[in-house]
Amino acid sequence: MPESPSLPPSHPPEGELELVEELRRTLGRLDSALGQIREALVLVDAAGQVIWSNAAFDGLVGKRRLEILGASLHRVLPLNHVGEPILTIEQTRGANQNSGMLNAILSELPLQALEVEWHPVLTEEPNPLMFSFRDVSNRLALATQAMRCSVTGLLNRRGLLERIQTSLHHLRRQPGLVTLLFCDLNHFKQINDLYGHHVGDRLLIEIGQRLRANIRPEDVVGRIGGDEFVVLAIDVDSREEAIQWANRLHTKITAPWHDEGKTITPRLSIGIALTADPEISVDELLCNSDLAMYSAKASPTASVALFDPQLDKQVKRESLIRSRLQTVLAADQLCVNYQPIIDLVNGSIIGFEALARFPAEEGVSILPSEFIPVAENAGLIHRISDIVLSHCLEELSGLSKGLQAMSISINMSPLQLSQEGLATKMIQIAEKLQVPLSYLVLEVTESPLIDRPQSAIRELGHLRDCGCRVYLDDFGTGYSSMSWLAQLPIDGIKIDRSFVTGLLTDPRSSLLVATMVRLARDLELDVIAEGVEEEAQVDALLAMGCTKGQGYLFGAPAPFPERFSFSNPRCAAVPASTTSSSAGSPPPACARDSTKGDHR
Ligand code: C2E
Ligand code: CA
Ligand code: CA
């Protein structure tokens, strides 16, 4: 008879039972012991599902054990590390990181941070992973105190720069976009001045809270300057999405704010910069968003602007000009050219306009229309003005008595006019060189007279008392009204070249010039037409009653005074060989004046 297969005993033998019982007790002891420790522990199988957790872990995620077991770890505890999802189980294995450690920031405000550590459990293949979590919020808060703004609790510049750097590094592993929104509060200084710094501080806190409340938990926000906030995001997919997001954020942040009976409506400009390039520097990305913010601020209609590489070009050009300016000024190489102003009736020179010139470098010249605004922004305009003034006064003091009846006009930057003590300074320089100020004409534009009427008008009045004459430059391009013009402390106007250019071809220009001349004459003001390039324009101007002019027809700006013949009647300034130069082509300029026209 074949041997019948031995049936499993219906009850395990006694010894085995004891063993199972012992194992169960051990597991129970382990479970209870591991449940006592403060560290949160979770065991995850190869598919990423939780197969065991301790009480601390259940407490950490705020769920019951039954909800946790079998669920994926990522779903139970969605971890973020500076806005970047922590490696999932698949990624952990894929990246061959069977064990590792990192810090995860669960929330920014209040700071909740975990130190996460994981190791393989080598009992089976593929290995389950054991994760442990330690709350390091306090430690991290202390360590990052120096990275936080004491008023708003947000990250400060240092903290934010570090976060941006981390996000850029992350682009190397996972291509995508890093987006910065540079948010600048408009008129914050006025709010501080009007209501006090305590209200200003509360507004900053409010703005910080509004920003936080309207971004995703994984986005980062920092306050990097007085009224400047920056939001960093890593999950914006396109420029269009970024613009929509920034516009939505703008609406939320600029809602009226009620504070102790006051209602303040914050105004905000937002600049956006995005990059997919992990190698871009943090400074450059931040600077791009700042530039975009400035263009939003300058726009009369938009509050949000996207960085445009053209802006970058402009900024680089400006910085090149600034450094060239510094070199030129340090080496005392700034030149001054002079353009004659003509009595249109008899063609004699009655004066000159002094125009600052850059020495040309390798044949390339930087025009005043470019370097004067840069000089104004860089605080170098006063130095340029002093050089031009000294040059002019020196030229005047060197003139023979007969020619001193001629005046030299200098252009006054609006910044100069807002300078206290301008008149005193100019009077001192003139006295030192023994030149009467009556030979000097100051050309001013309207804006400083509109913006700071009291101090500008006082300084100009003082200079006029000493004999200086004042002309309103580029007349017709500003906002002059008749009543305003009558009140200004001026002696004359210079009709802008744009009107003279169209004098013969555009009936509107012709009508406007005629009106300006009549207005000036009615107010007993002198009139000079700028940009005269043709004989026929001279005739038209004379017919309208304008008897003074300046332009390439008579002479381009040139060094003083060797290129000008003072005796030649009509177009006296033009050397004989160039008197027939056609419209638009000025007489040859001096070696240092490579600008052949006004390129503004
Ligand atoms: P602006 O005061 O209106 O000076 C006249 C400009 O028109 C000069 O340009 C001159 O070269 C140009 N121009 C004169 N006649 C003609 C003409 O017939 N046709 C054309 N197309 N252009 C003519 P420039 O020298 O390039 O100066 C541009 C502007 O830069 C000046 O305009 C003035 O606003 C500013 N600027 C120049 N030098 C100084 C300076 O020393 N200080 C200050 N604050 N501004 C200056
Ligand atoms: Ca001028
Ligand atoms: Ca002008």
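Everything here concerns the structure above.
Here is what the cut-offs are and how they apply
- Residues numbered from 1 in each chain as written.
- Chains lettered and ligands numbered in written order.
- Predicted model: local features only at pLDDT ≥ 70, side-chain atom pairs only at ≥ 80, totals over all residues.
- Heavy atoms only, no water.
- Helix = DSSP H or I, 4+ residues; strand = E, 2+ residues; numbered from the N terminus.
- Buried < 20%, exposed > 50% of the residue type's maximum accessible area, 1.4 Å probe, protein only.
- Areas by Shrake-Rupley, 256 points an atom, 1.4 Å probe, with all protein chains shown as cover.
- Donors = N, O, S within 2.8 Å, 3.2 Å for Na, K, Ca; no water.
- Pairing = 2+ DSSP bridges.
- Phe/Tyr/Trp six-rings, centres within 6.5 Å; stacked < 30°, edge-to-face > 60°.
- 1 Å grid on protein atoms, 1.4 Å probe; cavity = no way out; pocket = protein on both sides within 12 Å on 5 of 7 lines; lining within 4 Å.
- Points joined across faces, edges and corners; volume = space filled by probe spheres on them.
- Nonpolar A, V, L, I, M, F, W, Y, C, P; charged D, E, K, R; others polar.
- Axes fitted to C-alpha atoms, helices over the stretch in contact; angles between N-to-C directions.
- Contact = heavy atoms within 4.5 Å.
- Near = heavy atom within 4 Å.
- Polar contact = N/O pair within 3.5 Å; in protein donor to acceptor, adjacent residues only side chain to side chain.

A. View of the overall build of the protein. Within the protein, the secondary structure is distributed over 22 helices and 22 strands. Burial status across the protein gives 46% buried among its 600 residues. A total accessible area of about 30,100 Å² is found for the protein, and carbon and sulfur atoms account for 54% of it.

B. Highlighting the coordination of the calcium ion (ligand 3). Distances from the calcium ion (ligand 3) to its protein donors, Asp 473 (OD), Asp 474 (OD), Glu 530 (OE) and Glu 530 (OE), fall within 2.1 to 2.7 Å. Sequence spacing among the residues donating to the calcium ion (ligand 3) works out to D-D-x55-E. A separation of 3.8 Å is found between the calcium ion (ligand 3) and the calcium ion (ligand 2), both of which receive a donor from Asp 473. Of this pair, Asp 474 sits in strand S19 (residues 469–475) while Glu 530 is found in the loop between strand S21 (526–529) and helix H22 (535–544), placing the two residues 56 residues apart along the sequence. In terms of burial, Asp 474 and Glu 530 fall into one category: buried.

C. Inspection of the pairing of strand S10 (residues 228–233) at higher detail. The buried fraction of S10 is high, at six of six residues. Note: strand S8 (residues 178–186) against S10, six bridges, orientation antiparallel. Opposite Phe 182, over in S10, you have Val 230 as the bridge partner.

D. Seen up close, the coordination of the calcium ion (ligand 2). On the protein side, the calcium ion (ligand 2) has Glu 353 (OE), Asn 411 (OD1), Glu 443 (OE) and Asp 473 (OD) as donor atoms, found 2.1 to 2.3 Å from it. Here the donor residues of the calcium ion (ligand 2) are spaced in sequence according to E-x57-N-x31-E-x29-D.

E. Highlighting the packing of aromatic side chains. A full pass over the atoms with the stated rule returns four aromatic pairs. Taken together, a centroid distance of 5.6 Å and an interplanar angle of 40° make the contact between Phe 57 and Phe 133 tilted. Taken as a pair, Phe 57 in helix H2 (residues 55–61) and Phe 133 in strand S7 (residues 129–135) lie far apart in primary sequence, 76 residues in all. With respect to burial, Phe 57 and Phe 133 carry one shared label: buried. Ring geometry for Phe 358 versus Phe 371: centroids 4.8 Å apart, planes at 35°, classification tilted. Residue Phe 358 is located in the loop between strand S16 (349–357) and helix H13 (368–377), and its partner Phe 371 is located in helix H13; the two are separated by 13 residues in the primary sequence. The exposure class assigned to Phe 358 is buried, which follows from its relative accessible area of 0%. Clustering of aromatic rings is evident, with ring pairs tying together Phe 57, Trp 118, Phe 131 and Phe 133.

F. Structural detail: the layout of surface pockets. Computed from the structure, the second largest pocket encloses a volume of approximately 230 Å³. Every residue along the wall of the second largest pocket is listed here: Cys 287, Asp 290, Leu 291, Tyr 294, Ser 295, Leu 311, Gln 314, Val 315 and Glu 318. When residues of the lining of the second largest pocket are assigned to their parent elements, the largest contribution, five residues, is made by helix H11 (residues 282–298). Here the lining of the second largest pocket is built from residues that sort into five nonpolar, two polar and two charged.

G. The arrangement of the sheet that holds S8 in detail. If you walk across this open sheet you meet the five strands as S9-S10-S8-S13-S14, and the pairing is mixed. Looking along the sheet, the strands with just one partner apiece sit at the ends: strand S9 (220–225) and strand S14 (304–306). Within this sheet the neighbouring strands show an average axis-to-axis angle of 20°, counted without direction. Here helix H9 (residues 197–213) sits on the sheet and contacts S8, S9 and S10; the angle it forms with S10, its principal contact strand, is near 15°.

H. View of the site of ligand 1. Near ligand 1 lie 23 residues; those nearest to it are Gln 339, Arg 357, Asn 411, Glu 533 and Tyr 552. At a separation of 3.1 Å, an oxygen atom of ligand 1 approaches a polar side-chain atom of Glu 353. Looking at the shell around ligand 1, the elements with two or more residues in it are S16, H13 and S19. At four residues, the largest contribution of residues to the shell around ligand 1 is made by S16. Residue classes in the shell around ligand 1 are distributed as eight nonpolar, six polar and nine charged.

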